[in-house]
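# Overview (structure and organization)
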There are 2 protein chains.
Amino acid sequence: MFQLNKENIDILKEAIVNGQDNFITETLKELHHADIAEFIEQLDFEEGQYIVKVLPHSIAASVLIELDEEERDRLVNSLTSKEIAKILVENIDSDDAADVLAELTTQKKEEVISFIEDAEQASDLLDLLNYDEDTAGGIMAKEYISVNINWAVPHAIREMRKQAEEINEVYTIYVVDDKNRLVGTLSLKKLLFSNSLRSTVADIYNDSQVKSVLVTEDNEDVANIMAKYDLVVLPVLDENGVLLGRITIDDVVDVMQEEAERDYQLASGISQSVESDDKVWRITRARLPWLLIGMVGGVFSSRIIGVYEDAITANPQMAFFIPLIAATGGNVGVQSSAIVVQSLANNSFDAENIRGKLSKELRVALINAFICSTFIFTYDYFFVRDSNLGATVSLSLFAVIICASLFGTLIPMLLNKFKIDPALATGPFITTINDILGLILYFSIGGILFGS
Amino acid sequence: MFQLNKENIDILKEAIVNGQDNFITETLKELHHADIAEFIEQLDFEEGQYIVKVLPHSIAASVLIELDEEERDRLVNSLTSKEIAKILVENIDSDDAADVLAELTTQKKEEVISFIEDAEQASDLLDLLNYDEDTAGGIMAKEYISVNINWAVPHAIREMRKQAEEINEVYTIYVVDDKNRLVGTLSLKKLLFSNSLRSTVADIYNDSQVKSVLVTEDNEDVANIMAKYDLVVLPVLDENGVLLGRITIDDVVDVMQEEAERDYQLASGISQSVESDDKVWRITRARLPWLLIGMVGGVFSSRIIGVYEDAITANPQMAFFIPLIAATGGNVGVQSSAIVVQSLANNSFDAENIRGKLSKELRVALINAFICSTFIFTYDYFFVRDSNLGATVSLSLFAVIICASLFGTLIPMLLNKFKIDPALATGPFITTINDILGLILYFSIGGILFGS
C-alpha cells in the first residue's frame with residue numbers, strides 16, 4: 001500500500017509541477033481521506049489547492065473536513081461558491097458541511113447555498129447554521145433514519161432503504177409518532193434476525209426510555225452523557241420532543257480532544273490552541289499574554305519586597321527563602337484549583353456542598369502544611385542554625401500552604417459561578433496571585449519574629 | 001421517571017434497612033446501570049454491598065463495571081467466587097469481565113474461572129487476562145460476529161444470528177478466511193437492504209483495506225487511530241492477521257478521558273489520579289510528592305542565593321526581583337514543554353526534526369525575551385532608577401527565557417527517548433529546575449554588572 005513517506009511526497013510534488021492529474025488522483029485514492037489531509041498539511045498552500053481541485057468532489061469533501069481549521073478555511077475561501085456547493089453536497093454529513101459553511105462570509109454563504117440544487121439539503125444546512133457551535137445543535141447532523149410507529153414493517157423497510165441511501169453508517173433507527181416526536185428505537189439486529197414482516201413498527205419497537213439531549217444542550221455535557229452511558233449515537237430533540245437530528249460519537253470524540261487540549265494548554269499558560277508546527281508568530285502570540293501577566297506579578301512582588309528593604313539589609317538571609325515560599329504557594333494553588341476544575345468539567349462537582357469541599361481541602365492543606373513545615377524547620381535547624389529564620393520560614397510556609405489551598409479552591413468556583421471558564425484559574429494566573437500572597441505572609445511574619 | 005435526588009436516596013436507604021428487596025429492585029430497574037453505580041457511590045460500603053447482592057445478576061454485572069475501580073474492587077472482593085462467576089458471565093462483554101477478574105488475587109481468579117460453566121467463556125477470559133492492560137489486547141473484547149468468506153449468504157445469516165445472541169450491539173460483521181485471518185467486512189446495511197440470498201459472502205463482502213491494530217499496540221495509539229479515522233469499532237489481529245477480538249469506541253473514550261485527566265493532573269503537580277470526592281489521605285498522598293520536590297528545589301535555591309549573600313547586603317534591591325526571575329523561568333519552561341508533550345501525545349511530533357523544533361522554539365523565545373526584557377527595563381528605568389539593577393534584571397530575564405525555552409523543549413524529548421512519560425516534565429518538575437537556573441543566571445550577571 002502507498003505510504004506517505006518523504007520519497008513518495010517528493011514524487012507527488014513533482015506530479016503537481018508536471019500536472020499529472022490522473023497519476024495524483026489514482027495515487028491518493030488509495031489513501032484514507034484523513035491521510036490525504038495529513039499529506040496536504042505538509043504541502044505549500046498552492047500545492048494543497050491544486051490537489052483539492054484535482055480530486056473528485058466526493059473525496060475532496062471528505063479531505064476538507066479532516067484538515068486543520070485554519071488550513072481548511074484558506075483552501076475553501078480560494079474556491080468559487082459554485083465549487084464549494086458542489087463539494088459540500090457530496091458524500092459528507094450535514095454537520096460537517098455546516099462547519100465548512102460557518103467559516104465563510106455571510107455573502108459567500110448565501111451564494112454557496114443558492115448553488116445547492118437539492119432544496120432539502122439547502123434547508124437542512126440553513127437550519128444547522130442557526131445553532132451555536134458549542135451546543136448539541138452545533139454538532140448534530142440531519143442524516144438519520146426514522147420510521148413512523150404506525151407503519152407496517154414492510155413499508156417501514158422500504159422507507160428505511162430510501163433514507164439509508166444517503167447515510168454512511170446506520171447506527172439506530174428512530175421511531176416517531178405523527179408529530180415527529182421521538183417515541184423509541186427499532187433494532188437493526190431485531191429487524192435483520194427475526195421474521196416480522198406481518199407486524200407493524202408498534203409491535204416490535206423498543207419503547208424504553210431512549211437517552212436524548214435538547215438541541216440547546218452544551219456540547220461538553222453532550223460528551224459527558226455519551227461517555228457515561230457508552231452511547232455511539234444520541235438523538236437531538238427540541239423542547240417538544242420533536243426529533244431534529246443525531247450526534248455521533250466521532251464528533252463527540254473531537255469535542256473531548258479539543259476540550260482536553262484546551263484545558264491542558266490553559267494550565268500550562270498557553271492562551272489559545274497552538275500546535276508545535278504552527279507558525280512562530282502564532283505560537284508567540286499564544287504564549288506572550290501569560291508571560292506579561294507574570295511580569296506584572298513580578299513587578300508587584302518587587303514592590304512588596306521593597307517595603308521590607310531594611311529587614312533584608314539587616315537579615316540578608318531572609319532573601320534566601322523567597323523562591324521557596326513563592327514556588328510553594330504557586331504549586332499548592334495549582335494543585336487545588338486543578339482538582340476543582342476537573343470535577344467541574346466532569347459534572348461530579350456538588351455545587352451545593354461548597355462548605356464540605358473547603359473543609360476537606362483545609363484538612364488536606366493542614367497535613368501538607370505540617371509535613372512541609374517540619375521538613376523545612378528541620379533543615380533550617382541543622383544547616384542554617386538561625387532559629388528566627390527557621391521559625392519565620394516554616395511558619396509562613398504553613399500559612400502560605402493553607403491560604404493558597406483555599407484560594408486555589410475558591411477562585412475556580414467563583415469563576416464558574418460567573419460563567420467564566422474555571423480552567424483559566426490554573427496555570428500562571430493562580431501562581432502569580434499566590435506568589436504575591438506568599439511574600440506578604442513571609443515578610444509580615446519575618447517582621448514580627450525578627451522584631452524589625 | 002425516578003430521579004436520584006436526596007429524597008429518593010433516603011427512601012432507598014430506608015428500604016435497605018427494612019430489607020424491602022423487591023421495592024429496591026423494582027425501583028433501581030428503571031435506572032440506567034451507570035446511574036445505579038452513581039447511586040451506590042453515594043452509599044456506605046455495606047449498603048452498596050447489599051444492593052449488589054439484591055439486584056439480578058445481569059444488572060449487578062453492568063453496575064459493577066461502571067463503578068470507580070477502588071469501590072468496585074472492594075465490592076467484588078466481598079463476594080464469593082461463585083457469586084462473582086455468576087455475575088461475570090451475565091450480559092457483560094468479555095473485556096469488562098476480564099477487567100474485574102484482573103483485580104483479584106491469583107487464587108481467587110482461578111476459583112472464579114473454575115465456577116464458570118461455559119468452557120468457551122472461561123477460555124476467552126483466561127486468554128484476555130494474558131494481555132497487558134495498556135495494550136489493544138487489554139481493552140479488546142471477544143464478542144464479535146464473523147463469517148467465512150466461502151459461506152453461502154443464508155448460511156452466513158444463520159451463523160450470524162447464533163453469534164448475535166450474545167452481543168448487545170452489532171457494529172460490523174467481519175469476513176475471515178479458513179485460517180480465521182481477517183479479509184474484509186460485510187455491511188449490515190447491504191445485507192438488510194439488498195436481496196442477496198443466492199450469493200456467497202465472497203460476492204458481496206467489502207474487501208477494501210479494513211483498519212485494524214496488532215494486539216500488542218499501545219492503547220493510546222489505538223485511541224489516536226480510532227479518533228483519526230472516525231471508527232466506532234476496530235478489529236484486533238495477531239501478527240499473522242488472525243482475528244482475535246474487537247475494540248469499541250466506548251472503551252477508547254474511557255482511555256482518552258483517563259489519559260487527558262492524567263496529563264492535566266501531572267501538569268498541575270498531582271502525581272496520581274484523584275477526584276474531589278476521594279478521601280483526604282488519598283488526595284494528600286497524590287499532592288505531597290511534588291510539594292516535597294518543590295521544598296528540595298527551594299532549599300537548593302536558598303543555597304545558591306546564599307553564595308551571593310554579600311552582593312545582597314551591598315545591593316538589597318537585587319532581592320526584589322528574585323520572584324520575577326524565578327517565576328518567568330518556570331512559566332516559560334512549562335509553556336515550551338506543554339507544546340512538546342502535546343505533539344508527542346498526538347503523534348504529530350516529527351522526531352527526526354529536533355533541530356528544526358529547537359530553532360523554531362528559539363525564535364519564539366527570542367521574541368518573547370525581547371518583549372519581556374524591554375518591559376522590565378522600561379519599568380526599572382522609570383520607577384527604580386538604578387541602571388545597574390535595570391540592566392541586570394532585563395539581561396538575566398532575557399537569558400532565562402532563552403534557556404528555559406530550550407530546557408522545556410529538550411527535557412520532554414529526552415524523557416520520551418528513554419521511554420519515560422514526557423508529561424512528567426511539565427508541572428513542578430520543570431518549574432523547579434528553571435527556578436534554580438534562573439537564580440544562577442541572575443546573580444552571575446548581577447555579580448558582573450555590580451562588579452562584586
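Each remark here, short or long, concerns the structure printed above.
What counts, and at which threshold
- Residues numbered from 1 in each chain as written.
- Chains lettered and ligands numbered in written order.
- Predicted model: local features only at pLDDT ≥ 70, side-chain atom pairs only at ≥ 80, totals over all residues.
- Heavy atoms only, no water.
- Helix = DSSP H or I, 4+ residues; strand = E, 2+ residues; numbered from the N terminus.
- Rg over C-alpha atoms; globule rule 2.2 N^0.38 Å.
- Buried < 20%, exposed > 50% of the residue type's maximum accessible area, 1.4 Å probe, protein only.
- Areas by Shrake-Rupley, 256 points an atom, 1.4 Å probe, with all protein chains shown as cover.
- Least-squares fit on C-alpha atoms with pLDDT ≥ 70 in both.
- Contact = heavy atoms within 4.5 Å.
- Polar contact = N/O pair within 3.5 Å; in protein donor to acceptor, adjacent residues only side chain to side chain.
- Pairing = 2+ DSSP bridges.
- Buried area = accessible area lost by both parts, 1.4 Å probe.
- Salt bridge = Lys/Arg side-chain N within 4 Å of Asp/Glu carboxyl O.
- Nonpolar A, V, L, I, M, F, W, Y, C, P; charged D, E, K, R; others polar.
- Arc of directions from axis to C-beta.
- Axes fitted to C-alpha atoms, helices over the stretch in contact; angles between N-to-C directions.
- Left-handed = near helix turned anticlockwise from the far one by under 90°.
- Phe/Tyr/Trp six-rings, centres within 6.5 Å; stacked < 30°, edge-to-face > 60°.
- 1 Å grid on protein atoms, 1.4 Å probe; cavity = no way out; pocket = protein on both sides within 12 Å on 5 of 7 lines; lining within 4 Å.
- Points joined across faces, edges and corners; volume = space filled by probe spheres on them.

With that settled, consider the overall build of chain A. Looking only at helices and strands, one finds 22 helices and six strands in chain A. For a compact globule of 452 residues, the expected C-alpha radius of gyration is about 22 Å, and chain A comes in at 30 Å, more than 25% above that figure. Reported as C-alpha extents along the three principal axes, the dimensions of chain A are approximately 90 × 60 × 45 Å. A buried classification covers 54% of the 452 residues belonging to chain A. In the structure as shown, chain A presents an accessible area of about 20400 Å², 52% of it carried by carbon and sulfur atoms.

Another point: unusual backbone geometry. Residues and elements named next belong to chain B. We note that Asp230 has phi near 50 degrees; this positive angle belongs to a residue other than glycine. You can see Asp230 is positioned in the loop between helix H15 (219–228) and strand E5 (233–237). Accessibility expressed as a relative area gives 27% for Asp230, which makes it partly exposed. In the Ramachandran plot, Lys419 falls in the positive-phi region, its phi being about 60 degrees despite a non-glycine side chain. With respect to the helices, strands and loops of the structure, Lys419 is situated in the loop between helix H22 (387–417) and helix H23 (428–450).

Turning our attention to the relation of the copies chain B and chain A. The operation relating chain B to chain A is a screw motion whose rotation component is 180 degrees, with 0.0 Å of axial translation and a residual RMSD of 0.1 Å. Between the two chains, the operation in question is that of a two-fold axis. Interface overlap between copies: 100% of the residues of chain B at the interface are likewise at the interface in chain A, consistent with a symmetric, same-surface contact.

Turning our eyes to something else, we now look at the side chain of Thr27 of chain B. Within the element layout of this structure, Thr27 of chain B appears in helix H2 (residues 21–29). Here Phe23 of chain B takes part through its backbone oxygen, which lies 2.5 Å from a polar atom of the side chain of Thr27 of chain B.

Next up on the list: helix H3 (residues 33–41) of chain B. Three or more residues of H3 of chain B are buried, namely Ala34, Asp35, Ile36, Ala37, Phe39 and Ile40 of chain B. Tucked inside the fold, the buried residues of H3 of chain B contact helix H15 (219–228) of chain A together with helix H1 (6–17), H2, helix H4 (45–54), helix H5 (57–66) and helix H6 (69–77) of chain B.

Residues and elements named next belong to chain A. Of all five residues in strand E5 (residues 233–237), five are buried; the element is thus mostly enclosed. Burial of the side chains of E5 extends over both faces: Val233, Pro235 and Leu237 are buried on one face and Leu234 and Val236 on the other. Sheet analysis places strand E4 (residues 213–214) next to E5, joined by two bridges and oriented parallel. Each residue of the ladder has a partner; that of Leu214, found in E5, is Leu237. Bridging between E5 and strand E6 (residues 243–248) involves five bridges; their strand directions are antiparallel. Paired with Leu234 across the strands is Ile247, a residue of E6.

Tallying the contact residues gives 108 residues for chain B and 108 residues for chain A. Surface buried jointly by chain B and chain A totals about 10000 Å² across both partners, of which 66% is contributed by carbon and sulfur atoms. In this assembly, chain B and chain A are joined by six salt bridges. One salt bridge in this structure joins Lys228 of chain B and Glu38 of chain A, with 2.8 Å as the shortest N-O distance. Between chain B and chain A we count 18 residue pairs in polar contact (both at pLDDT 80 or more) in total. Of the residues in the side of chain B that touches chain A, the class split is 59 nonpolar, 27 polar and 22 charged.

Further remarks concern the pattern of salt bridges. Evaluated as defined, the whole model comprises 26 salt bridges over all chains. For Asp177 of chain A, the salt bridge is made with Arg181 of chain A, and the minimal N-O distance between the two is 3.0 Å. Arg181 of chain A gets classed as partly exposed once you look at its relative accessible area, which sits at 34%. Its salt-bridge partner being Lys228 of chain A, residue Asp35 of chain B comes within 2.7 Å of it at the nearest N-O pair. Taken together, the residues Asp35 of chain B in helix H3 and Lys228 of chain A in helix H15 connect one chain to another. Judged by its relative accessible area of 11%, Asp35 of chain B falls in the buried class. In this structure Lys228 of chain A comes out as partly exposed when scored by relative accessible area, which is 24%. Shared partners join several salt bridges into a network, and the residues in it are Asp35 and Glu38 of chain A together with Lys228 of chain B.

Pairing between sheet strands relies on hydrogen bonds along the backbone, with the strands arranged either parallel or antiparallel. Taken in spatial order, the three strands make up an open sheet running E4-E5-E6 (chain A), and their pairing is mixed. Lying at the two open borders of the sheet, with one neighbouring strand each, are E4 and E6 of chain A.

Let's shift gears to helix H9 (residues 106–115) of chain A. All names here are of chain A. Within H9 the residues assigned to the buried category are Lys108, Val112 and Ile113. For H9, the arc enclosing every buried residue in end-on projection is 135 degrees, short of the 170-degree limit, so these residues lie on one face. Facing away from the buried side of H9 by more than 90 degrees, the exposed set consists of Thr106, Gln107, Glu110 and Ser114. Each element contacted by the buried residues of H9 is listed here: helix H6 (69–77), helix H7 (81–88), helix H8 (94–102) and helix H10 (119–129).

All names here are of chain B. The three strands are arranged E1-E2-E3 in an open sheet whose pairing can be described as mixed. Whereas interior strands pair on both sides, the edge strands pair on one side only; in this sheet they are strand E1 (145–148) and strand E3 (182–186). This sheet shows a mean twist of 35 degrees between the axes of neighbouring strands, independent of strand direction. With four bridges connecting them, E1 and strand E2 (residues 173–176) associate as parallel partners. Across the sheet, residue Ser146 finds its bridge partner in E2, namely Tyr174. Packed onto the sheet, helix H12 (residues 153–164) meets E1 and E2 and runs at close to 155 degrees relative to E1.

All right, on to the packing of H8 of chain A against H10 of chain A then. Residues and elements named next belong to chain A. For the pair H8 and H10, the least separation of the axes is 9 Å and the interaxial angle reads 65 degrees. Considering how the two elements wind past one another, H8 and H10 form a crossing that is right-handed. Every residue of H10 that contacts H8 at Ser94, Asp95, Ala97, Ala98, Leu101 and Ala102 is listed here: Leu125, Leu128 and Leu129. When the residues that make up the contact of H8 with H10 are grouped by side-chain class, the tally is seven nonpolar, one polar and one charged.

Right, let's get into the packing of H22 of chain B against H23 of chain B. Residues and elements named next belong to chain B. With their axes 8 Å apart at the nearest point, H22 and H23 run at an angle of 150 degrees to one another. Of the two elements, H22 crosses H23, and the hand of that crossing is right-handed. Grouping the amino acids of the contact of H22 with H23 by side-chain chemistry returns 19 nonpolar, seven polar and no charged.

Residues and elements named next belong to chain A. The final tally for this structure, using the stated rule, is 12 aromatic pairs over all chains. When the ring of Tyr308 is compared with that of Phe443, the centres are 4.9 Å apart and the planes differ by 15 degrees; the resulting orientation is stacked. Here the residue Tyr308 occupies a position in the loop between helix H17 (280–307) and helix H18 (309–314), and Phe443 occupies one in helix H22 (residues 428–450), the gap between them amounting to 135 residues. Given the relative accessible area of 21%, Tyr308 is considered partly exposed. You can call Phe443 buried: its relative accessible area is 1%.

Moving on: the environment of Ala98 of chain A. Residue and element names in this part refer to chain A. With respect to the secondary-structure elements, Ala98 resides in helix H8. Overall, the relative accessible area of 6% leaves Ala98 in the buried class. In sequence terms Ala98 and Leu126 are 28 residues apart; their C-alpha atoms lie 8.1 Å from each other. For Ala98, the residues in contact, after removing those within four places along its chain, are Leu125, Leu128 and Leu129.

Let us now look at the side chain of Ser302 of chain B. Its place among the elements puts Ser302 of chain B in helix H17 (residues 280–307). Discounting residues that sit within four places of it in the chain, Ser302 of chain B has contacts with Phe320, Phe321 and Tyr379 of chain A.

Empty pockets left among the atoms are what a rolling probe the size of a water molecule brings to light. Enumeration according to the criterion identifies eight cavities of 30 Å³ or more in this entry. Contributions of two or more residues to the lining of the largest cavity are made by H17, helix H19 (322–345) and H22 of chain A together with helix H20 (322–345) and H23 of chain B. Considering each element in turn, the lining of the largest cavity owes the most residues, seven residues, to H20 of chain B. Of the residues belonging to the lining of the largest cavity, the class tally is 14 nonpolar, 15 polar and two charged.

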